[in-house]
Amino acid sequence: MHMYKPSGLAMISIYLFTIILSLALCFACGFGAMFKSVIFWYVMLFIIILTFLVLLIVVPLFFSQSRYSVSRNELICKSGVFIFRRQFMKISSVRSFTAIVTPLSGATGLNFLIVNSLGSHMVFWFLSKSDLNEITSYLDKAIKKEEGANETA
Amino acid sequence: MKQHKLARRVREFFRHRQHPIKIIGYTSKTMWLLLIPLVKYLVALKFDIRSWLVTNWVDILAIIAIFAFAWLRWVFVYFEIDDKSMTSHSGFFGLAATKLAFCDVTTVSVHQSSVQRLFGASSLYIDTDAKSVTKTDIVLLLPKKRAEHILDLIADENERAVKYTVESKKRSQLAFSLFFSSTFSGVIIFAGLMFEASRIVDRNIEVRLLNTAAGEISKYTRRIPYIIVVSALVIIGGWLLSFFANLMRYWHFCVTRHGRRLIVKSGIWTIRHDVMHRERINYYDITRTLLMKIFRICTVNVNCTGYGKRRSEIPTIAPITTDKEVEKTLSILMPDIKCPKATLTTGKRELWRFVCIPFFISLFVPAIRQVFIFIFPRWVSEINMIAFISSVPLVWLIIVKAAAAFSTGIGFDEGCCVLDYCRLYGFHRVVVPKAKITRVAVMQTWAQKRAGYCSIQICTENEKFKKHMVKHLPLDAAMSILRTNGLAV
């Protein structure tokens, strides 16, 4: 059984992205507040609170809770922030998978894997590029093996 | 000889085309906007064709162009068929070809509406488990005989196989229509009718119809506010419409097990004939509401790709049956999927967990009422009435959830799994073969984590993403039962 964790680089990327986005929104609100209305100050306050919530609670909780494991017979995915979820899928029910590799994902860790079976799917969030390659090549082999077995039957 | 050859070619051409009535289906809906004024002009000009042509030649040309385009589409859409497969060429100029093998077909249906009956046409729907096509794989409008021939070809059943038929009683069909009619679906049917009518005429008809009806009723009920009369009209009218639609749909309902197939026939207005491959049925679901539970009746639905997926259809195989009869019906129709006993159940200890969310939601009603009275002090009577009306379903939900605490559970045997759960107002008993389970999720909220409880979400093979959630089970027991059955580690 191989265990995987979301990439630390992805955590840093999310932190950076959230900070940049909230700063941009705060500047926009500050600009609006100077010329238009006081309501923009309240919006800015809301954005700041939301940013702190995301940075201090949601992201660390998500990254500490998430674990993925791939074994010969099954895929297991543990994740969740407010609702903790343990998902289990048999390798034999996997029909296809979609690997999402973003630009510069080697540095950002923003790689995702969606494993599809009939009527359901499982998402592996923020994998490092090497982990993603390892899992996809394993799944590829497993699907081919399953197809071979079906054809023989 | 040449003439004979030509006749054979023409016959061959028509054999592989849809029913010519489909040409009207391919015309643009906006054509009616042109056609109705044209007919009006013709009548106004007392059928003076010459002046009619002179004044309306642009519109007439547009209509001819629309028909010519529809005819071209009809010519290019064709199908080929052999002993084991079928290819349908569809889309513009027949560019998209869909080929499917008969052995992969899950459901094949022939539906004939009363309008189609006038022209001897019927719709043929063929579905497979292929997930790349979310809609029906092949849809064709064919002459009735041709459609039935293709259905027989696909069903390809051994004639000597024994047939087991379950026919539902008229009384049951009436009860089924009563229980499964809802204002919401009636309003959708009405809105659909109005939408189609407004595309042809204009929206005024809808407004005029509602206002006239509300005006007539409010003459006799002067003391009731106008808004309440309109709401009541929509609710009662919608429900009645839905009731009659259901009655029409499920009258003469009968199911037959014939070899590996399940054949369902029903309907008066639209005559339906569906054939399902039994091995491709993903699960069956014994559904009931609280009232049905009290009267010990239920309905049995199945999940099979293509069956009951068209608008306003319910994928049922037993519209209404008593709790006593359900076992017998299922042993006749689905002998391979046997219902195991639920070994892990909830009870009195979990009552508060089931009831708490609807209870807290229902507390919002008086609070929101106070806020609205503060904002709109003149509308107190209307606000009180709306608050009362909205609190009724919430109180009912609390009662339903309290009952759910005593009818939730999960159980396995060697081949199948049973899931007893309640979603909103409906109670479900889903029986699914273990091989059809594709994903299991064990979920815990913070409160559940502290108390050692969990909810189990099970997904099965399905055309869409659909989950069955069994809530508030003790975590350790749930994990142990899942592990024993190879569904968790």
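This section reports on the structure supplied with the text. This structure is a prediction, so every number in the text was calculated from the model and none was measured.

Moving on, we get to the sheet that holds strand 15 (residues 409-412) of chain B. Residue and element names in this part refer to chain B. Strand order across the open sheet formed by 7 strands is 13-12-11-17-16-15-14, with antiparallel pairing between neighbours. Of all strands in the sheet, those with a lone pairing partner are strand 13 (316-322) and strand 14 (344-345), marking the two edges. The sheet contact formed by strand 15 and strand 16 (residues 416-423) spans 4 bridges and is antiparallel. Counterpart to Gly409 in the pairing with strand 16 is Asp420. Together, strand 12 (297-303) and strand 13 form the strand contacts of helix 7 (residues 170-179), whose direction differs from that of strand 13 by roughly 105 degrees.

Here we take up the interface of chain A and chain B. Listed per partner, the contact involves 16 residues of chain A and 20 residues of chain B. Only strand 3 (74-79), strand 4 (83-90) and strand 7 (120-127) of chain A provide two or more residues apiece to the side of chain A that touches chain B. When residues of the side of chain A that touches chain B are assigned to their parent elements, the largest contribution, 7 residues, is made by strand 4 of chain A. For the side of chain A that touches chain B, a count of residues per class yields 8 nonpolar, 5 polar and 3 charged. Pairing between strand 4 of chain A and strand 18 (residues 437-445) of chain B: 7 bridges, direction antiparallel. Within the sheet, the bridge partner assigned to Ile83(A) lies in strand 18 of chain B and is Thr445(B).

Before going further, it helps to spend a moment on the sheet that holds strand 6 (residues 111-117) of chain A. Residue and element names in this part refer to chain A. Ordered in space as 5-6-7, the 3 strands form an open sheet in which the pairing is antiparallel. The sheet is open, and its two edges are formed by strand 5 (94-101) and strand 7, each paired on a single side. In this sheet, adjacent strand axes meet at a mean angle of 15 degrees when their direction is disregarded. Alignment of strand 6 against strand 7, held across 6 bridges, turns out to be antiparallel. Note on strand 7: the bridge partner recorded for Ile114 is Val123.

Attention now moves to the packing of helix 3 (residues 31-44) of chain B against helix 4 (residues 49-76) of chain B. Any two packed helices are characterised by the angle at which their axes cross and by the distance between the axes. Residues and elements named next belong to chain B. Across the interface, helix 3 lies against helix 4 with an axial gap of 10 Å and an inter-helix angle of 150 degrees. In terms of axis orientation, helix 3 runs roughly antiparallel to helix 4. Crossing handedness for the pair helix 3 and helix 4: left-handed. Where helix 3 abuts helix 4, its residues Met31, Leu34, Leu35, Leu38, Tyr41 and Leu42 lie against Trp52, Thr55, Asn56, Asp59, Ile60, Ala62, Ile63 and Ile66.

This part is about the environment of Phe176(B). All names here are of chain B. Mapped onto the elements, Phe176 comes out in helix 7. For Phe176, a count of 25 C-beta atoms within 10 Å gives the class buried. Through-space distance from the C-alpha of Phe176 to that of Phe243 is 9.2 Å; in sequence the pair is 67 residues apart. Once you skip the residues sitting within four places of it in the chain, Phe176 turns out to touch Asn246, Tyr250, Thr299, Pro319 and Ile320.

This paragraph deals with the nonpolar core. Leu124(B), Ile317(B), Leu419(B), Val440(B) and Ile456(B) are the most contacted members of the largest nonpolar core, which totals 93 residues. With residues near it in sequence (within four places) discarded, Leu124(B) still touches Val110(B), Leu140(B), Leu142(B), Ala147(B) and Ile150(B).

The next subject is the pairing of strand 8 (residues 254-258) of chain B. Each regular strand shows side chains that alternate between the opposite faces of the sheet. All names here are of chain B. By the alternation rule, side chains of strand 8 split into Val255 and Arg257, which are all buried, and Cys254, Thr256 and His258, of which none is buried. In this sheet, strand 9 (residues 261-266) lies alongside strand 8 in antiparallel orientation, the contact comprising 5 bridges. Its bridge partner being in strand 9, Thr256 is matched across the sheet by Ile263. In this structure, the hairpin formed by strand 8 and strand 9 is closed by a connection of 2 residues, where Gly259 is found at a positive phi of approximately 60 degrees.

Here is what the cut-offs are and how they apply
Residues numbered from 1 in each chain as written. Chains lettered and ligands numbered in written order. Predicted model: local features only at pLDDT ≥ 70, side-chain atom pairs only at ≥ 80, totals over all residues. Pairing = 2+ DSSP bridges. Helix = DSSP H or I, 4+ residues; strand = E, 2+ residues; numbered from the N terminus. Contact = placed C-beta atoms within 7 Å. Axes fitted to C-alpha atoms, helices over the stretch in contact; angles between N-to-C directions. Nonpolar A, V, L, I, M, F, W, Y, C, P; charged D, E, K, R; others polar. Parallel < 35°, antiparallel > 145°, perpendicular 65-115°, else oblique. Left-handed = near helix turned anticlockwise from the far one by under 90°. Buried ≥ 20, exposed ≤ 12 C-beta atoms within 10 Å, placed from the backbone. Core = buried A, V, L, I, M, F, W, Y, C linked by C-beta atoms within 7 Å.

No statement about biological role is implied by the geometric values presented.
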